[in-house]
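# Observations on the three-dimensional arrangement
Here is what each chain is made of, one letter per residue.
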Amino acid sequence: MKIGYPCVNDSLPCTSTSTFRLASYSEERLVQAVSNNLACLQRILEYNVSHGLLFFRMGSGIVPFGSHPVNTFPWQTHFAAELKSVGDYIKANNLRVSFHPDQFVVLNSPDPGIVERSVQELVYQGSVLDLMGLDSTMKLQIHAGGLYGDMESALTRWIATYHTLPEAVKARLVVENDDRLYSLRSCLRLHEAVGVPILFDNLHHECLNHGEPMAEALALAFSTWHPQRDGVPMMDYSAQSVGERKGKHTASLDEALFREFLTHLHGHDADIMLEIKDKEASAHRACAIMHDVGLLVHAASVSV
DNA sequence: CGGCGTCAAGTATCG
DNA sequence: CGATACTTGACGCCG
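This one's a predicted model, so the numbers in the text were calculated from it and none came from an experiment.

Parameters at a glance
Residues numbered from 1 in each chain as written. Chains lettered and ligands numbered in written order. Predicted model: local features only at pLDDT ≥ 70, side-chain atom pairs only at ≥ 80, totals over all residues. Heavy atoms only, no water. Helix = DSSP H or I, 4+ residues; strand = E, 2+ residues; numbered from the N terminus. Buried < 20%, exposed > 50% of the residue type's maximum accessible area, 1.4 Å probe, protein only. Salt bridge = Lys/Arg side-chain N within 4 Å of Asp/Glu carboxyl O. Core = buried A, V, L, I, M, F, W, Y, C linked by side-chain atoms within 4.5 Å. Contact = heavy atoms within 4.5 Å. Disulfide = S-S within 2.5 Å. 1 Å grid on protein atoms, 1.4 Å probe; cavity = no way out; pocket = protein on both sides within 12 Å on 5 of 7 lines; lining within 4 Å. Points joined across faces, edges and corners; volume = space filled by probe spheres on them. Nonpolar A, V, L, I, M, F, W, Y, C, P; charged D, E, K, R; others polar. Phe/Tyr/Trp six-rings, centres within 6.5 Å; stacked < 30°, edge-to-face > 60°. pLDDT = per-residue confidence, 0-100. Pairing = 2+ DSSP bridges. Right-handed = clockwise from strand over helix to strand, strands pointing away.

### Details of the environment of A193
- Within the secondary structure, A193 is located in helix α7 (residues 184-194).
- By relative accessible area, A193 is classed as partly exposed at 42%.
- In the structure, A193 is positioned 59 residues away from S252 in sequence and 37 Å away in space, judged by C-alpha atoms.

Pasting the structure below:
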């Protein structure tokens, strides 16, 4: 069981997703940004290791304009050594990383151009994992996409697109239940059709479900992960921000709610990504709770 | 150097 | 019909 947080570390004075405006694109700026981002990513991973946080979501902007036609620079070869070095560090320290391509990645759009750009973005993020030398347990996490007024045809288009994906993407792709359109049950339709694992988000499930109790939903989602190919199931954990829009993430970890959630795991292994605004601060507290309830057995001497 | 308008990309919903 | 939200604000122009 690993605890993680997404994209940003607020304790370190660097960012692994520095970018610049398209209008000011130059190869010089690109090289500068990627170089900076990889160096910061390495620092974040070292911080995570020293604090027992073994799961991390990398930001999509590690290579600015990574799937944009403006970017014709051969960053894959130019940064091959740096990418491999980060990957070696990840493997040597038993870390797990993932990507969560943003809302622009929509595999079931009726617009072929949008689908093509979405596939290119997945290819870019998958190639980063490939160049790091990481296997298919390091995932690319997306949502099912839009509804366009008809879920059946939207699911059919998603499946058709899936079959066209390159193997490097297919092997790593996982689908997350969302909070408004595609419930766990809807995502399971995709799993049944093509075998794609379902990444469970507890808060989204609370927002959109078909009455499945939390423990049952977790078991269902986890059962879609193939142990050898996919590794331990990943999940997103968050809690509702009290008094705010439905689905809004809480600013910091509510320890009682988190402890209550853990009881629903019933011994299932999972790597938990905390989607909580204060990032590693809550991740530290989650780790302490996991130790307390006996779910984390490694890393006895963790400093905070 | 601080303020603030704007930024590659999509979809659906809320006012 | 424009603003807003989503895993994440921050780039960069202007004064």
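Next comes the rest of the write-up.
### Concerning the pattern of salt bridges
- Counted by the stated rule, this structure contains eleven salt bridges.
- A salt bridge links R96 to D271; the nearest nitrogen and oxygen atoms lie 2.8 Å apart. With R96 in strand β3 (residues 96-99) and D271 in strand β8 (residues 271-274), this pair connects stretches of sequence that are 175 residues apart.
- Salt-bridge contacts for D130 lead to R172; the nearest nitrogen and oxygen are separated by 2.8 Å. Note that D130 is positioned in helix α4 (residues 112-131) and R172 in the loop between α6 (167-170) and β5 (173-176), a separation of 42 residues in sequence.
- Judged by its relative accessible area of 41%, D130 is partly exposed.
- Taking the relative accessible area as the measure of exposure, R172 reaches 4% and is therefore buried.
- What emerges from the salt-bridge pattern is a single network uniting R57, D236 and E275.

### Focus: the nonpolar core
- One finds I3, W158, Y237 and F258 to be the most contacted residues of the largest nonpolar core, which totals 85 residues.
- With nine residues, the single largest contributor to this core is helix α1 (residues 27-50).
- Discounting residues that sit within four places of it in the chain, F258 has contacts with I3, Y237, L253, L274, A286, I289 and M290.
- Counting residues in hydrophobic clusters, the runner-up holds six residues, among them F55, L199, W225 and M234.

### Describing the state of the cysteines
- A full pass over the atoms with the stated rule returns one disulfide.
- What pairs with C14 in a disulfide is C40, and their sulfur atoms sit 2.1 Å apart. Judged by the torsion about the S-S bond (75 degrees), the C14/C40 disulfide is right-handed. Placement of C14 in the loop between β1 (2-6) and α1 and of C40 in helix α1 is noted, with a sequence separation of 26 residues between them.

### Considerations on the layout of surface pockets
- By volume, the largest pocket amounts to about 860 Å³.
- Around the largest pocket sit 29 residues that line it, and H100, Q103, H143, H204 and H249 are the ones nearest its centre.
- For the lining of the largest pocket, the class distribution of residues is nine nonpolar, nine polar and eleven charged.
- Approximately 570 Å³ is the volume attributed to the second largest pocket.

### Comments concerning the packing of aromatic side chains
- By the definition in use, this model includes eight aromatic pairs.
- Ring geometry for F20 against Y25: centres 6.0 Å apart, planes inclined by 45 degrees, an arrangement best described as tilted.
- Assessed through its relative accessible area of 19%, Y25 is described here as buried.
- Judged by centre distance (5.0 Å) and plane angle (70 degrees), the ring pair of Y237 and F258 falls under edge-to-face. With Y237 in strand β7 (residues 234-237) and F258 in helix α11 (residues 255-262), the pair connects residues that are 21 residues apart, well separated along the chain. Assigned by exposure class, Y237 and F258 land together as buried.
- Here the aromatic residues F20, Y25 and F65 are joined through ring pairs into a cluster of three or more.

### Brief notes about the environment of L199
- Topologically, L199 is positioned in strand β6 (residues 198-201).
- Relative accessible area serves as the criterion here: at 0%, L199 is assigned to the buried category.
- Once the C-alpha coordinates of L199 and V174 are considered, the two residues, 25 residues apart in sequence, prove to be 6.2 Å apart.
- Sequence-distant contacts of L199, that is, excluding residues within four places in its chain, are made with Q141, V174, V175, E176, N177, W225, M234, M235 and D236.

### Side note on the confidence of the model for chain A
- Summary statistics for chain A give a mean pLDDT of 92 and a share of 96% for residues scoring 70 or more.
- Across residues 300-304, confidence stays below pLDDT 50; counting only partners more than four residues off in sequence or on other chains, it has six contacts.

### So, unusual backbone geometry
- Even without being a glycine, C7 presents a positive backbone phi close to 70 degrees.
- Looking at where C7 falls in the secondary structure, it is placed in the loop between β1 and α1.
- Phi is positive for F65, which is not a glycine, with a value near 55 degrees.
- Secondary-structure assignment places F65 in the loop between β2 (55-58) and α2 (75-78).

### What about the pairing of β6?
- Taking every second residue as pointing to the same face, both faces of β6 are buried, with I198 and F200 on one and L199 and D201 on the other.
- As paired strands, β5 and β6 are joined by two bridges and run parallel to one another. Pairing of E176 across the sheet is with L199, part of β6.
- The parallel pair β5 and β6 is bridged by α7, and the resulting crossover is right-handed.
- The pairing of β6 with β7 spans two bridges and is parallel. By the bridge assignment for β7, D201 is matched with D236.

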